[in-house]
Amino acid sequence: MFKNKIIKDTIMLTVMQLFLDTSALLLNAFINRKLGTSAMGILSLTGSFLVLAGTVSNGSAFLCTSRLISEELGKRKKNPDRVLLCGLGLCLILSTAVSAVLVLFSGVVGERFFHSSDMSRAVRLMPLALIPGAFAACFKGYFNAFRKSSAAAAADILEFAVKAAVIILATIASRNPSDGSVCAIMITGIIAGNCFSLVFYLVLFMKRKEKFHGKASLSFKDYVSLAIPVMGGGIITSALSSTNDALIPVTLRQYGDSVSEAFSRFGIFESIVIPTLFFPSVVLCSMSGIIVSEAARASAAGNRERIKSLSARLIEYTLIFAVFASAFLMRFGREIGELMGGGELAGKMISVIAPVVPFIYLEIILEALIKGMGLQGFSSLNYLAEYAVRISVVLIFVPHFGFYGIAASYYTSNVIGNCSRLIKVLRHTGVKLHFFRSVLLPVVYAFLTMGASELLTRIIGADGESIPEIILFSVLWTAGYFAFTMLSHKEKSRLISGELLDMNKKIRSV
């Protein structure tokens, strides 16, 4: 039943997330064409700062409420509504404190972080986005713990639709906006999206059929003590990520780029390169929230076999999928970059960073397992080490090698950080990684099926230059790869079943 529920929710969330990611890429392309890549760089830096402020103000509410309410549901005496109330109370305290700091120090933040006094007004708007966003994150975690993924998916679509509509309309109406005005447009869109999302969650919460009464297993003090490790990990990650993002334009200027060129290259990287690399991972991102909840329930119940089985399948299938995604992005990176409006530079960077995609995708699944199993201390330390490596490489390589220094930072940090995550999960769960079946065989299949697809398209007279021909090649390649991998797994399962049957016969004969 659990397996069917996970598959059903993953398919539904993947479709929703695919729609959202596609819409986000189109929105980025619209902003790039309307305002330029330099403005997109400013927006990306603002978004990074807003994520940091949001993480502090909501205390990683989605992860905390999802995990703690899931554990509450696994107990005999339970009241998840009171656990939700604890989360909302903590968010109210944190978001009020962060909002006060932003209002009081808006001038300092504008000049020190964004290097522009014009950004102060945009910073003062941020509290209006943070408070409803924090409450909405609590409700999202609540519904995720109840395995009502459709509620969170519908809220995400509503939030994005409202945000995108406000940004598009305000962008069209603007005339040569300043950096501060551009960021104010984006923050206004986020405020509208968060408010609509919160109202949607409140309506669903009031209409829910199941009501809970009595005392919860957690007090507010207990909730805070359990949430602090999760909050710490989220805050450290966001702080280091924002620091890394802020350093990229600075180090690009040290390389020799002008201010406009530095923000333009940063905008291309954040709005085209990174979203393209992550786009195929929609199925993994959709699954991650479900995995946190499932792993937390199994951990609370002491069901180690469930955790081991879940981890083994997720790691193996993630690698199979990620290897193909990496090969696909290496093959079509240049075409995708130019199609998205990033030109030759974006296409080249996509192809260069694509080989590290399996490590990036593993992080999504491994972090969900780690957080679900309650290993937040390791997660925080690992993120600290990973970003220390990334920031060090940015500071050393970008001033000397420019844009390629950013690629070097992604390679080193992702390989080191995700190898340590993988080792931790394998040791904690007792899972054994089959390198040949999970890594080497998919790599061989990816390149063999690519060659076979190219040969087939040439035989039928398609040289792969036009978009329809590229689509035909992609369909043939994708079908061939996954057909081979699935057939090899079925053959393996058949052999194992045969061996078990033979063993059973021998035991009976004895």
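Structural data are supplied above this passage.
Residues numbered from 1 in each chain as written. Predicted model: local features only at pLDDT ≥ 70, side-chain atom pairs only at ≥ 80, totals over all residues. Heavy atoms only, no water.

K.L.:
Hey, could you go over the overall build of the protein chain for me, with residue numbers and the actual values?
P.N.:
Along the backbone of the protein chain there are 18 helices and 0 strands. Its C-alpha atoms give the protein chain a radius of gyration of 24 Å, within 12% of the compact-globule value 24 Å for 510 residues. Its C-alpha atoms put the protein chain at 85 × 70 × 40 Å along the principal axes. With 510 residues in all, the protein chain has 52% of them scored as buried. Within the protein chain, contacts between residues at least 6 apart in sequence are counted, and of these 84% link residues at least 24 apart. Across the protein chain, the 49 positively charged side chains and the 32 negatively charged ones have centroids separated by 11 Å. (Helix = DSSP H or I, 4+ residues; strand = E, 2+ residues; numbered from the N terminus. Rg over C-alpha atoms; globule rule 2.2 N^0.38 Å. Buried < 20%, exposed > 50% of the residue type's maximum accessible area, 1.4 Å probe, protein only. Contact = heavy atoms within 4.5 Å. Lys, Arg positive; Asp, Glu negative; His and termini not counted. Charge placed at Lys NZ, Arg CZ, Asp CG, Glu CD.)

K.L.:
Tell me about the packing of helix H7 (residues 149–173) against helix H8 (residues 179–207), and please be specific about residues and values.
P.N.:
As a packed pair, H7 and H8 sit with axes 8 Å apart at the nearest point and diverge in direction by 150°. The orientation of H7 relative to H8 falls into the category roughly antiparallel. Considering the relative orientation of H7 and H8, their crossing is right-handed. Class assignment of the residues belonging to the contact of H7 with H8 gives a composition of 17 nonpolar, 6 polar and 2 charged. (Axes fitted to C-alpha atoms, helices over the stretch in contact; angles between N-to-C directions. Parallel < 35°, antiparallel > 145°, perpendicular 65-115°, else oblique. Left-handed = near helix turned anticlockwise from the far one by under 90°. Nonpolar A, V, L, I, M, F, W, Y, C, P; charged D, E, K, R; others polar.)

K.L.:
Which residues make up empty space enclosed by the protein, and what values do they have?
P.N.:
Here the structure, examined in full by the defined rule, presents 6 cavities of 30 Å³ or more. In this model, the second largest cavity occupies a volume close to 50 Å³. If you trace the second largest cavity, you find it lined by Tyr-142, Phe-143, Phe-146, Lys-148, Arg-208 and Glu-210. A class-by-class count of the residues in the lining of the second largest cavity yields 3 nonpolar, no polar and 3 charged. (1 Å grid on protein atoms, 1.4 Å probe; cavity = no way out; pocket = protein on both sides within 12 Å on 5 of 7 lines; lining within 4 Å. Points joined across faces, edges and corners; volume = space filled by probe spheres on them.)

K.L.:
Which residues make up a nonpolar patch on the surface, and what are the values?
P.N.:
A grouping of Leu-395, Ile-396, Phe-397, Phe-401 and Tyr-404 is seen on the molecular surface, where their side chains present a nonpolar patch of about 500 Å² in accessible area. For the nonpolar patch, the element with the most residues is helix H15 (residues 376–401), which contributes 4 residues. On the basis of relative accessibility, which here comes to 52%, the residue Ile-396 falls in the exposed class. (Patch = residues over 30% accessible without salt bridge, like charges linked within 9 Å, V, L, I, M, F, W, Y side chains within 5 Å. Areas by Shrake-Rupley, 256 points an atom, 1.4 Å probe, with all protein chains shown as cover. Salt bridge = Lys/Arg side-chain N within 4 Å of Asp/Glu carboxyl O.)

K.L.:
Which residues make up the nonpolar core, and what values do they have?
P.N.:
If you look at the biggest cluster of nonpolar residues, it comprises 86 residues, and the most contacted ones within it are Phe-269 and Val-273. By residue number, the principal contributor to this core is helix H14 (residues 357–372), which donates 10 residues. Those residues in contact with Phe-269 that sit more than four places away from it in its chain are Ile-274, Pro-275, Met-349, Ile-353, Phe-403, Ile-406 and Tyr-410. In this structure, Cys-86, Ala-151, Leu-218 and Ala-227 belong to the second largest nonpolar core, which totals 35 residues. (Core = buried A, V, L, I, M, F, W, Y, C linked by side-chain atoms within 4.5 Å.)

K.L.:
Can you explain the layout of surface pockets? Please cite residues and give values.
P.N.:
If you add up the space inside the largest pocket, you get close to 1600 Å³. Along the wall of the largest pocket there are 44 residues; nearest its centre are Phe-279, Pro-280, Val-282, Val-283 and Phe-321. Only helix H1 (2–35), helix H11 (282–300), helix H12 (304–339) and helix H18 (467–509) provide two or more residues apiece to the lining of the largest pocket. No other element matches H12, which puts 15 residues into the lining of the largest pocket. Its residues placed into classes, the lining of the largest pocket shows 33 nonpolar, 7 polar and 4 charged.

K.L.:
Tell me what's going on with the environment of Cys-419, and back it up with residues and numbers.
P.N.:
Among the structural elements, Cys-419 can be located in helix H16 (residues 403–429). Along the primary structure Cys-419 and Phe-359 are separated by 60 residues, whereas in three dimensions their C-alpha atoms are 7.8 Å apart. Excluding anything up to four places from it in sequence, Cys-419 contacts Phe-359 and Asn-414.

K.L.:
Describe H12, with residues and values.
P.N.:
At Phe-332, H12 shows its maximal kink, close to 65°. Gly-341 lies just past H12 and shows a positive phi near 90°. (Bend = angle between axes of the 7 residues up to and from the residue.)

K.L.:
Help me get a handle on H15, residues and values and all.
P.N.:
With 26 residues, H15 ought to run about 38 Å at 1.5 Å a step, and its terminal C-alpha atoms sit 36 Å apart, in line with that. The largest bend in H15 comes to about 30°, at Val-394. Within two residues after H15, Gly-402 carries a phi angle of roughly 65°, on the positive side. (Expected span 1.5 Å × (residues − 1).)

K.L.:
Explain the pattern of salt bridges residue by residue, including any values.
P.N.:
All told, the structure shown has 10 salt bridges when counted by the stated rule. The closest approach of N and O atoms between Arg-265 and Asp-257, which form a salt bridge, is 3.2 Å. The partly exposed category is assigned to Arg-265, whose relative accessible area is 28%. Residue class for Asp-257 comes out buried when judged on its relative accessible area of 11%. With its nearest N and O atoms 2.7 Å apart, the salt bridge here joins Glu-316 to Arg-437. Placement of Glu-316 in helix H12 and of Arg-437 in helix H17 (residues 435–459) is noted, with a sequence separation of 121 residues between them. Of the two residues examined, Glu-316 and Arg-437, each falls in the buried class. Each of Glu-363, Glu-367, Lys-371, Glu-386, Arg-390 and Arg-421 takes part in salt bridges that share partners, so that together they form one network.

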